[in-house]
Amino acid sequence: MKKHRSWGFWRLLSWILVLFLLMGTGWSCWEIYVALRELPSWQMDSMSIVAPSTLFAADGTPFATLGQGTFIPVRPKEIPHVVKEAFVAAEDKRFYQHHGIDVTGILRATWYNLLNRKIVQGGSTITQQLAKNAFLSPSRTFKRKIQEVFLAIQLERHYAKDEILTFYLNRIYFGEGAWGIGTAAKTYFDKRVEDLTLAEAALLAGLVRAPSYYNPFENPEGALARRNTVLKQMEECGFSTPEQVAKAQAEPLNLKRGMIYKPEYPYPNFVDYVIATVEERFGESVLFRGGLKIYTTLDIKAQQVAEAAMKNPGFFPASIRDSRGLLQPQAAVVLLDPNTGAIRAMVGERNHVVSRQYNRAYQAYRLPGSAIKPILDYAPAIEYLGMTPDSVVVDEPVRFGSYEPKNYDGRYRGPVTLRDALAHSINVVAVKLLHTVGLERAAAFARSLGIEVDPAEDGLAAALGATYRGVTPLQMAAAYAAFANGGYYVKPYAVTRIVAPDGSVLAEYHPELRRAMKTKTAESIASMLKSAVQYGTGTKAQIDNLAAGKTGTTDQGKDLWFCGWVSQMVGVVWMGWDFPRPIPGAYGGDYCAPMWRYIMMQALDLHPTQVPTPSKPTPATPPASALKPAPESEQNPSPPAPSPQPGTPSQSQEQPNKTKQQFQPPMTEQQEPKSLPPPSGSTPPSKPAQEEKPDEQKQPPNHTPQQPVQPAAGNSHLTSQ
C-alpha cells in the first residue's frame, strides 16, 4: 500500500511538470506569434533614419531636443581591414561565420554570466545590434528580442557582411557627440578613417561599450586599459601577431582633437541631470537618436528665475575667476515639490562653460554646518525623547570626553527653549541633544531622510555639521521636504515618463515615499524653523509668515547654506569655493537667505507685505523639561575639536561651526564683472559684493581633497512597462 501511494505521488508530480511545460510552450508560441505579427515593415533606407529626443516640461511644453551631433558617413571601401577586425574582435568574434544570430556566442555568454553572477558578456551579434538600433524601440521585452532575431536574419539575407558592418559602424555612438566611425576618427585623432593605425582602431572599438566612461579625453587610464584589452582580443582572433599587438600596446594614446561638439540646449544643468538619468537606463545611442519623448518635472519659470539669480553678482560675496575661468565662490540651487519629490529647478554653477560638466546641485558633497541641526539634533529629540519646541535645555559650559563645544559668541544663556536654541543656532544645545538621543539612533534618523552620518567617524561634532561624507544640495532639499509635508521622505526625481516613437511607454515614474517621522515631529520642526526665519538667523528669508528654514555656515565661511520652504516649494541654496577656502565675514543668512527669498518670490509669484526685519515675539514662560542621558551603549564622545573663533555678529547672523575640510592653494585671479544691485524684491547682502584679492594659502602636507561621488542619476525611479 505504501509503495502504491509513493508511485501515485510521482505520477501526479510528472503530470504537473508536463502541464507547466505545455503552458510554457504555449506562452512562448503566443509571444512569437505576436512578435512576428507586429514585426516592423523594414525598408533598406530606414537604417539611415534617426530622430532627436524631445524633452517636455511639467506643463507639457517642449523645451529641448537632444540631437545627433556631427556625422561623417563612410563607405565600405573606405574602412581598412584593421578597423573591421578591431570591431569584430571586440563585439562579435564569429561575425563572419554566423547568419545573424550566434547560438554558440549566446551559450558562452550565458555560461560566463552565470559563473560571475552578473552580466559580463552579451550574446547579441553585430547584426542584431544593427537591427535593434535601426528598426526597434529600446524597450527590454521578450517580444522585442524575438523581433530582433528575425530582423537580423532578414538583414543577413539582403546584405553582404561588409555592408552590414558598414551600416553598423556608421550608426554607433563614440562619445563627444561623434556618431559613426568617420566622425570618431576625426574627433579623437583628426584623421580620416582609412588612415587609422592598429592602436587607434582598437581604441575606437573599445569605446562602444561605454563611450562616456572610456572617453580618452576624460579617462585616459581607463581608455588605455580598454584599448589594450581589444588588442589582446585581436591577437586571440588571429587578426594581429603578438609582435604587432605588443608594439601597439606600448604606444601612448596619441590623441588629437579634430572636432568639438558643443550641444546647445536651455537649462543645461537640469537637462544634464535628465540625460544622466535616461542614459543610465537606455544608453547614449537611444537617448540622442531614438526619437524619445521624455516628460520631466521642470517648472520653466522657476528654472529661469534660479538661473537669473545665479548670474547676479549682487547675491554673492566678493568673487574672482579661478584658473579655469570659473567664478568663485560657486553656488547651487535646487527646488522641488515637497509632496511628490518632483525637481522643479536645478542650477549647479554660476557660469555654464561646457555641456555635462560638474553639477554641484547633486554631485558636490559639502559640509552642511548648522543646516543639519533640524535633521540630526532637534527632530530626533522630539521623535524619541518626547520633547517639544517649548522644552527647556540649559545652555552652559559642557564637556564630553575631550570635546568641549562652544557657542559662537563665547557666552551662555542658561535655560533656553528648543525653539529659541534652533532659531539662534546655539551650538551647545545642539550637541547636548545629540548626546542625549545617542549618535547611533540620531544617525539612523538622518539616514531615513537620505543623509549619511557615520557615528564612529564623525562623533558629536556631527551635531554642528562636521560630517565626514558631507551632503549635496539635492539631498538637503529632500530631507527638508519631509518637514514640510508632514513627515514623509520622498525620493527626488526629474523624469516622469519616457515614450518611444511608436507611442509605447518605455518607463514611467512611480513616487517612492516612506514615513520618516511622526507627523507631530514634522509639525514641531516646521514651527521651529518658521521662528528661525521670523526672528533667528534666517530673517533675510522672510516672506510674511510663509517661510520656514535654517541657515548654515561652516568654519570661516567655507560653506554657506539656506534650506527652507513655503507651502508649494522646498528650496536649497549653497555657496562655497570648489576647493574649500575661507570667505571672510560671510554667513548663510547674509547671502544664501536673500537669494532663496528672491527665487521663491519670483518663481511662485509671491507678494509679501513687509520687508524682512528681526522681530522676536515675547515668549511665554516655557514648562521645565530635563534631558536624560542616553544609554551607555549609545554614548560616543567625539575626538577633541578646535573651538570656534569668537566673534560679534548681529542677532540675525550665525557664526561658523567646527568643520574638518581644508582648503586648497589659491587659483589664478582674474577680474570679476562689475557688481550689479540685486533684483527688485530681494534683500541684498549686508555688504555689497566687490572684488578683493584672496590671501595666499599653502596646501597642507599629504592633503587630498575629498572627491565628489556621483550617484546614479535616479534611474531606479523608473519602471519599465
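About the thresholds
- Per chain, the residues get numbers from 1 upward, laid out in the order the sequence is written.
- Residue-level local features of this predicted model are given only where pLDDT is at least 70; pairs of side-chain atoms are given and counted only at 80 or more, and the full residue set underlies all totals for whole chains, interfaces and linings.
- Side-chain calculation: all heavy atoms of the structure are included, whereas hydrogens and water are not.
- Helix and strand labels come from DSSP, where a helix needs a run of H or I of at least four residues and a strand needs a run of E of at least two; each type is numbered from the N terminus.
- Burial classification: accessible surface area is computed with a 1.4 Å probe over protein chains only, and a residue below 20% of its type maximum counts as buried, one above 50% as exposed, and the rest as partly exposed.
- Only the protein chains shown count as cover for residues, and all accessible areas are computed by the Shrake-Rupley method using a 1.4 Å probe.
- Any carboxyl oxygen of Asp or Glu that lies within 4 Å of a side-chain nitrogen of Lys or Arg is treated as forming a salt bridge with it.
- Where helices are involved, their axes are fitted lines through C-alpha atoms of the stretch in contact, as for all axes, and angles between N-to-C directions lie from 0 to 180°.
- Put simply, angles under 35 degrees are roughly parallel, angles over 145 are roughly antiparallel, angles from 65 to 115 are roughly perpendicular, and the rest are oblique.
- Note on definitions: a residue-residue contact is assigned when non-hydrogen atoms from the two residues lie within 4.5 Å.
- Polar here means any residue other than Ala, Val, Leu, Ile, Met, Phe, Trp, Tyr, Cys and Pro, which are nonpolar, and Asp, Glu, Lys and Arg, which are charged; Gly is therefore polar.
- Stacked, edge-to-face and tilted are the three classes for Phe, Tyr and Trp ring pairs, Trp counted by its six-membered ring, which pair at centre distances within 6.5 Å; planes under 30 degrees apart are stacked, over 60 edge-to-face, the rest tilted.
- Pairing between strands is defined by DSSP: at least two bridges between them are needed.

## Quick notes on the overall build of the protein
Helix and strand counts for the protein come out as 22 helices and 19 strands. For the protein, the proportion of its 721 residues judged to be buried stands at 54%. Carbon together with sulfur atoms contributes 55% to the accessible area of the protein, which is approximately 31,800 Å² in total.

## A closer look at helix 6 (residues 161-171)
When you tally the buried positions in helix 6, you get eight out of 11 residues, the bulk of the element. For helix 6, the set of buried residues is Lys161, Ile164, Leu165, Thr166, Tyr168, Leu169, Asn170 and Arg171.

## Details of the pattern of salt bridges
Counted under the stated rule, the structure contains 22 salt bridges. The salt bridge partner of Arg75 is Glu78, with a shortest N-O separation of 3.3 Å. Taken together, the salt bridges that share partners define one network made up of Asp322, Arg324, Arg360 and Asp578.

## Comments concerning the packing of helix 20 (residues 473-484) against helix 21 (residues 519-535)
Packed helices, taken two at a time, are described by the angle between their axes plus the distance between the axes. The geometry of helix 20 relative to helix 21 is characterised by a closest axis approach of 7 Å and an angle of 105° between their N-to-C directions. Between helix 20 and helix 21, the angle falls in the class roughly perpendicular. Here Tyr480, Ala482 and Phe483 of helix 20 lie close against helix 21, whose contacting residues are Ala522, Ile525, Ala526 and Leu529. The class makeup of the residues in the contact of helix 20 with helix 21 is seven nonpolar, no polar and no charged.

## As for the packing of aromatic side chains
Within this structure, the stated rule accounts for 15 aromatic pairs. Note on Phe56 and Tyr295: the rings are 4.6 Å apart at their centroids and 15° apart in plane angle, and the pair reads as stacked. In this pair, Phe56 is assigned in strand 1 (residues 53-56) and Tyr295 in strand 5 (residues 293-296), connecting sequence segments 239 residues apart. Ring centres of Phe87 and Phe174 lie 6.0 Å apart, and the angle between their planes is 85°; this geometry places the pair in the edge-to-face category. One end of the pair, Phe87, is in helix 2 (residues 81-91); the other, Phe174, is in the loop between helix 6 and strand 4 (178-179), with 87 residues separating them in the sequence. In this structure, Phe87 and Phe174 share a single accessibility class: buried.

## Re the pairing of strand 8 (residues 330-336)
The buried fraction of strand 8 is high, at seven of seven residues. In terms of strand pairing, strand 8 meets strand 18 (residues 569-576) through seven bridges, oriented antiparallel. Note on strand 18: the bridge partner recorded for Leu335 is Gly571. Bridge analysis of strand 8 against strand 9 (residues 343-347) gives four bridges, and the strand direction is antiparallel. For Val333, the partnering residue across the bridge sits in strand 9 and is Val347. Between strand 8 and strand 9, which follow one another and run antiparallel, lie six residues, and Gly341 among them has a positive phi close to 85°.

## Points about the sheet that holds strand 8
Remark on secondary structure: sheet strands pair via backbone hydrogen bonds, oriented parallel or antiparallel. Strand order in the open sheet formed by five strands is 9-8-18-17-16, with antiparallel pairing between adjacent strands. This sheet does not close on itself; its edge strands, each paired only once, are strand 9 and strand 16 (548-553). If you compare each strand with its neighbour and ignore which way they point, the axes differ by 5° on average.

## Some points on the environment of Glu251
Turning to its location among the elements, Glu251 is positioned in the loop between helix 10 (242-249) and helix 11 (268-282). Between the C-alpha atoms of Glu251 and Asn228, which are 23 residues apart in sequence, the distance is 10.0 Å. Aside from chain neighbours lying at most four places away, what touches Glu251 is Ala199, Leu224 and Arg227.

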